[in-house]
Protein chains: 2
Amino acid sequence: MSNDKQFVKEITPQGEDFSRWYIDVIKKADLMSYSPVRGCIVFKPDGYEIWENIQRELDSKFKETGHRNAYFPLFIPESFFQKEKEHVEGFNPELPWVTEAGGEKLEERLAIRPTSETMIGHMYSEWINSYRDLPLLINQWANVVRWEKRTLPFLRTTEFLWQEGHTAHEDEQDARRETMQMLEVYRQFAEEFLAIPVIVGQKTPSEKFAGAIDTFSIEAMMKDGKAVQAGTSHYLGTNFAVAFDIKFLDRENQHQFAHTTSWGVSTRLIGALIMVHGDDRGLALPPKVAPTQVIMIPIGPPKTREQVIGRVDELYAELKKAGVRVKVDDRADQSPGWKFNEYEMRGVPIRVELGPRDMENGQVVLVSRVSGEKKIVQQADFVQEVQNLLAEIHQQMYDKAKQFRDEHYIAVDSIEEFKTFLETKRGFALAGWCGSNACEEHVKQETGATSRNIPFTPSETKSTCLVCGEAAKHTVVFGRSY
Amino acid sequence: MSNDKQFVKEITPQGEDFSRWYIDVIKKADLMSYSPVRGCIVFKPDGYEIWENIQRELDSKFKETGHRNAYFPLFIPESFFQKEKEHVEGFNPELPWVTEAGGEKLEERLAIRPTSETMIGHMYSEWINSYRDLPLLINQWANVVRWEKRTLPFLRTTEFLWQEGHTAHEDEQDARRETMQMLEVYRQFAEEFLAIPVIVGQKTPSEKFAGAIDTFSIEAMMKDGKAVQAGTSHYLGTNFAVAFDIKFLDRENQHQFAHTTSWGVSTRLIGALIMVHGDDRGLALPPKVAPTQVIMIPIGPPKTREQVIGRVDELYAELKKAGVRVKVDDRADQSPGWKFNEYEMRGVPIRVELGPRDMENGQVVLVSRVSGEKKIVQQADFVQEVQNLLAEIHQQMYDKAKQFRDEHYIAVDSIEEFKTFLETKRGFALAGWCGSNACEEHVKQETGATSRNIPFTPSETKSTCLVCGEAAKHTVVFGRSY
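Residues numbered from 1 in each chain as written. Chains lettered and ligands numbered in written order. Predicted model: local features only at pLDDT ≥ 70, side-chain atom pairs only at ≥ 80, totals over all residues. Heavy atoms only, no water.

As recorded in an unreviewed UniProt entry, chain A goes by the name Proline--tRNA ligase, listed as coming from Paenibacillus ferrarius. For chain A, the Subcellular location (unreviewed entry) comment in UniProt is given as "Cytoplasm". Reading the Subunit (unreviewed entry) entry of the UniProt record for chain A gives the comment "Homodimer." (UniProt positions renumbered as here; feature names shortened; annotations may be inferred.)

Right, dumping it as structure tokens:
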């Protein structure tokens, strides 16, 4: 175990410098590399595999709810952005432009998509003619680009990977039902798959998507008390339908504009996962999303080695057959202690140790990444015990994250109270808000915190605005954010 | 059945105009839409789902052979292309350039990747230090862009989707083993999953990948006798390693350049699938790649309708449970005849019909898309019979495609013989080639055909060059191509 301290030393403790801790962890766990292109990262295999697991789960949820995948062009003609006024204002400053191609200057510049409402709006206007074509329920897995001023691996990169759902409906009611349905898919996914508790609510007008009527979000709290917007779902009304002429003949043979929605999550979820669950020992991955759920390490002296490895391989085969993502590390040139630290740092939920004494006793040792507890179980119950422990670890991680959030989430009556909280404890504040942009802006100027959302189910309802003291229209969550 | 002719009429017969047939089929089967961006298409859900099935199968083959996925930036700095001379010459004319972003002119132009050898070479030079880091076996699923002069949906589009494998090895032997292994993965995939027989061989120097030492390909024959290069695998030697400084300390503690490979297939496989198997009735999809493998259609008068649908639903559940991709079309507002034509046009391998008489007899009717044969089977054997028929249809489609190719693939001794063949029958010619660029170019000028590859196992070996009559160095397949 002499390696223990050496390893931990290399990761800056969270309490010392959370930002450095984050970069240390993602580099040490080999999740990414900086690329030579400004603000773009390389998703290395261990990082990308987390995204593949996210994709697989979400994709099946989208399909269960009636959506199908399609793929639209990367390039968007400049004129398309002019069609929706708020949209162009929101995205124009962040666009990269292709101005030359195939050795010639282009007549019209092409933007690299920052999101695809415009291109998809254009196509939907061709595809949709009758109410029989509705609802149209499509999702796209794609890369998108936003030329951000400040970037941070996974959380804010120039190019990132995401999914964007785009749907069209006969009327507002159906479009709003879809918007809420997908928000709920995201909430479930965050809580039940990523073990991240989220606050579900509506964005204030100043924070909504450029071109939306209403934006809804799920907001998660990182271990430094800052927020990550982990998923958004937008009701776009007829804004894009009018801009792109998405019209259909309704059941009364009248032309109507379709009501559209869009919703998305991105590779920033990888960053959120790390910042919610990680600790000073490194990554801690929730079992459902972890590329490797169980690492098996044979221990003991060379003379029993072969025998122990033989038994490890048998137990490995049982787990594998049961659908558990398991690996064996039987390298002879690394010590068990080194391996213990290595896989703790990489966030593998369960470590399995098997040595000669365990062989004699028909036992095996399970160690939880999160609690650090050792559990000695009978080899005969191995698969069941592992599955139980994986479920337990998920719940523990969720509970732990929720406890942290709840401890850093207070209700305040005034901005002074909020400032004191941020200085002493960091986190989110629940407060009344009169609804004016001025008061929202004042909070930002004074505290660096923005409105995260107007939660659907706040723990309490506030009656006065934290800034002006007037009657509160909404109870809002404020927090600093990534 | 009055809809029958009406439907068939809308698709131009292959014999009349193969190109129009192709466009008719892909539009009618709803696989794609033209987009407003030059040469880019939209992959609609029915087209994209074919790609998803291709991805799933290949991805599992790549992982079985030890590869992992990663993701590299879309943008490639201009200076990177200058580093490998042949590579820049090959790709420069096709690059789109980002020159402005975030409201500013960029100091260095960024190309949109046409392929990622340069970016990945750069990253590998950072990641690889020792022979212990090798082999490095990575694959990327991504969009790439090549500004092509002439485009054709799926087969040649400005933006397309693909996978690109990039591996680095200690020595030539291991890199060449990898190159051949992946070529064999592609051959198996083409033949055993897509039911497309392919000719496996090596590209001539004029046709190889820009920057490769050797390029190998699988070549398929379309129903108009033209070729589609369906997959390529390149041994890159140390070309990119030298250009990007991918060096490692070998087992003797000496610095060595890594030997690298790359290999890829793209969404052009969708086009190949259609052109190999389709007919005048529309698409014909091989069972393993077909999004819907079985369509179930209840028939008979309204009074027995409910009962029939009840039984169809039971049989549907059995198939579904057995893992068959099955759908039911029980719409009352479309006639069975219309539905028969519709799903034939969409290429669904098996149609299942069930009517009141079948109910009485405990039977069900299976109809094969390819042979058109009806098979009456016992409902008790339903699942097994469907599975047998799916396997049978795969084999029939492969055999049929192979028979067509063999009938359009002759050995010739002279270019005159080849020209006569192309005028009367179309297809590939196997011929001797002296190895000179001049003779290869002469074939192209005279016939429009290019060397497809030097097959590993030609049906015969030719001793003289079809152009100059000198001793042949290689026996080559020539053909016009997409």
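A. The interface of chain B and chain A, seen in detail. With 53 residues of chain B at the interface, the matching set in chain A holds 53 residues. Buried surface at the junction of chain B and chain A, summed over both partners, amounts to about 4,200 Å²; 63% is from carbon and sulfur atoms. Considering only the surface of chain B that becomes buried against chain A, Arg68, Tyr71 and Phe75 of chain B emerge as the three largest contributors, covering 15% of it. The interface formed by chain B and chain A holds eight salt bridges in total. Between Asp46 of chain B and Arg68 of chain A there is a salt bridge, with its nearest N and O atoms 2.8 Å apart. Connecting chain B to chain A are 28 residue pairs in polar contact (both at pLDDT 80 or more). Residue contributions to the side of chain B that touches chain A peak at seven residues, all from helix H3 (residues 45-64) of chain B. Here strand S5 (residues 96-101) of chain A pairs with strand S5 (residues 96-101) of chain B via five bridges, running antiparallel. The residue bridging Glu100 of chain A from the neighbouring strand is Trp97 of chain B, located in S5 of chain B. (Contact = heavy atoms within 4.5 Å. Buried area = accessible area lost by both parts, 1.4 Å probe. Salt bridge = Lys/Arg side-chain N within 4 Å of Asp/Glu carboxyl O. Polar contact = N/O pair within 3.5 Å; in protein donor to acceptor, adjacent residues only side chain to side chain. Helix = DSSP H or I, 4+ residues; strand = E, 2+ residues; numbered from the N terminus. Pairing = 2+ DSSP bridges.)

B. A look at the environment of Trp162 of chain B. All names here are of chain B. Relative to the assigned elements, Trp162 resides in strand S8 (residues 159-169). The sequence separation of Trp162 and Gln229 amounts to 67 residues, and the corresponding C-alpha distance is 14 Å. Apart from the residues within four sequence positions on either side, Trp162 is in contact with Trp51, Pro114, Thr115, Gln140, Trp141, Ala142, Val144, Arg146, Val265 and Ser266. Side chain to side chain, Trp162 and Glu164 meet in a polar contact 3.3 Å long.

C. Representation of the packing of aromatic side chains within the structure. Per the counting criterion, the structure on display carries 36 aromatic pairs over all chains. Taken together, a centroid distance of 6.0 Å and an interplanar angle of 70° make the contact between Trp147 of chain A and Phe75 of chain B edge-to-face. Residue Trp147 of chain A is found in the loop between strand S7 (136-145) and strand S8 (159-169), and its partner Phe75 of chain B is found in strand S4 (residues 75-77); the two belong to separate chains. Every member of this aromatic cluster is reached through a ring pair, and the members are Trp51, Phe62, Trp141, Tyr186 and Trp263 of chain A. (Phe/Tyr/Trp six-rings, centres within 6.5 Å; stacked < 30°, edge-to-face > 60°.)

D. Representation of the nonpolar core within the structure. In this structure, Phe75 of chain A together with Phe75 of chain B are the most contacted members of the largest nonpolar core, which totals 87 residues. The contact partners of Phe75 of chain B, leaving out residues within four places of it in the chain, are Val37, Cys40, Pro96, Ile112, Val145 and Trp147 of chain A together with Val98, Leu110, Ala111, Ile112 and Met119 of chain B. (Core = buried A, V, L, I, M, F, W, Y, C linked by side-chain atoms within 4.5 Å. Buried < 20%, exposed > 50% of the residue type's maximum accessible area, 1.4 Å probe, protein only.)

E. Region of interest: the side chain of His259 of chain B. All names here are of chain B. Structurally, His259 can be placed in strand S14 (residues 259-266). At 2.7 Å, the side chain of His259 and the side chain of Tyr235 are in polar contact. For His259, the residues in contact, after removing those within four places along its chain, are Thr167, Ala168, His169, Glu170, Asp171, Glu172, Ala175, Tyr235, Gly237 and Thr238.

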